[in-house]
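Geometric and topological summary
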Amino acid sequence: MAPRLKVFSWSDGFHAFTVAVSSRPKALEAWGSKQDLFATGLASELSDGADYDAALAAPGEVIQRGLTIDIGKIAKTPRPKAAPGKARRAQIDRLATDLATLDANQARILRDLDEEAVRLETRRADLDRDYDVRRKALLAKLKTARSG
């Protein structure tokens, strides 16, 4: 059975932040708060109202409503991203190293191909030049043989 949802809200003076979750610690986590906003009196449980209804319509998502400038505007806000743990950081470092290695290998391969292309172009130019010299010589001999 799914836990019963409760609706919690707190305000920074400019916006009200409301979330429907099963407990106070989950609300603090959804808001990304490191301090207990309930202990300081900044956060409380709601039992009705527009924010209450909006939060229940999107459980676990923080609903934000402006209190001053954009009064009445209700919108979902993304959850703050948690800092990566040691295992995830190690995975990120390994992947970054693998990416750098892949990029270096690709650059080396392309550089080698460019050098090979230059060598092939030089060889082709040499072969074309030798062909032209030999062809002109044979054409001259053929012309002499036909005229004589």
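Figured I'd write up the structure that's included with this text. Quick caveat, the model's predicted, so the values are computed rather than measured. (Residues numbered from 1 in each chain as written. Predicted model: local features only at pLDDT ≥ 70, side-chain atom pairs only at ≥ 80, totals over all residues. Heavy atoms only, no water.)

1. Some details on the overall build of the chain
From N to C terminus, the chain includes 3 helices and 5 strands. For the chain, the α and β elements follow one another from N to C terminus as β-β-α-β-α-β-β-α. By the compact-globule yardstick of 15 Å for 148 residues, the chain is too spread out, its C-alpha radius of gyration being 37 Å. With respect to the principal axes defined by its C-alpha atoms, the chain has extents near 120 × 35 × 35 Å. (Helix = DSSP H or I, 4+ residues; strand = E, 2+ residues; numbered from the N terminus. Rg over C-alpha atoms; globule rule 2.2 N^0.38 Å.)

2. Focus: the environment of A96
On the secondary structure map, A96 appears in helix α3 (residues 86-147). Remark: the alpha-carbon pair of A96 and Y131, spanning 35 residues in sequence, is separated by 52 Å.

3. Remarks on the packing of aromatic side chains
Summed over the entire model, instances satisfying the criterion amount to 4 aromatic pairs. Every member of this aromatic cluster is reached through a ring pair, and the members are F8, W10, F17, W31 and F38. (Phe/Tyr/Trp six-rings, centres within 6.5 Å; stacked < 30°, edge-to-face > 60°.)

4. Observations concerning the nonpolar core
Counting 13 residues, the largest nonpolar core has A27, W31 and F38 as its most contacted members. Mapped by element, the contributors of at least two residues to this core are β1 (6-11), β2 (15-21) and α1 (24-31). For this core, the element with the highest residue contribution is α1, accounting for 4 residues. With 6 residues, the next largest nonpolar core counts A20, A54, A55 and A58 among its residues. (Core = buried A, V, L, I, M, F, W, Y, C linked by side-chain atoms within 4.5 Å. Buried < 20%, exposed > 50% of the residue type's maximum accessible area, 1.4 Å probe, protein only.)

5. Notes on α1
Among all positions in α1, only A27, L28, A30 and W31 are buried. Projected onto a plane normal to the axis of α1, the buried residues spread over an arc of 160 degrees and lie on a single side. When the buried face of α1 is taken as reference, the exposed residues oriented beyond 90 degrees from it are P25 and E29. Taken together, the buried residues of α1 touch β1, β2, β3 (43-46) and β4 (62-66). One or two positions beyond α1, positive phi appears at G32, with a value near 75 degrees. (Arc of directions from axis to C-beta. Contact = heavy atoms within 4.5 Å.)

6. Overview of the pattern of salt bridges
Here the structure, examined in full by the defined rule, presents 5 salt bridges. Where D93 meets R89, a salt bridge forms, and the shortest distance between an N and an O atom there is 2.9 Å. Of this pair, D93 and R89 both sit in helix α3, 4 residues apart, which is roughly one turn of that helix. A relative accessible area of 37% means that D93 is categorised as partly exposed. Note on R89: relative accessible area 40%, which makes it partly exposed. Here R124 ties to D128 by a salt bridge, and the two come within 4.0 Å at their closest N and O atoms. (Salt bridge = Lys/Arg side-chain N within 4 Å of Asp/Glu carboxyl O.)

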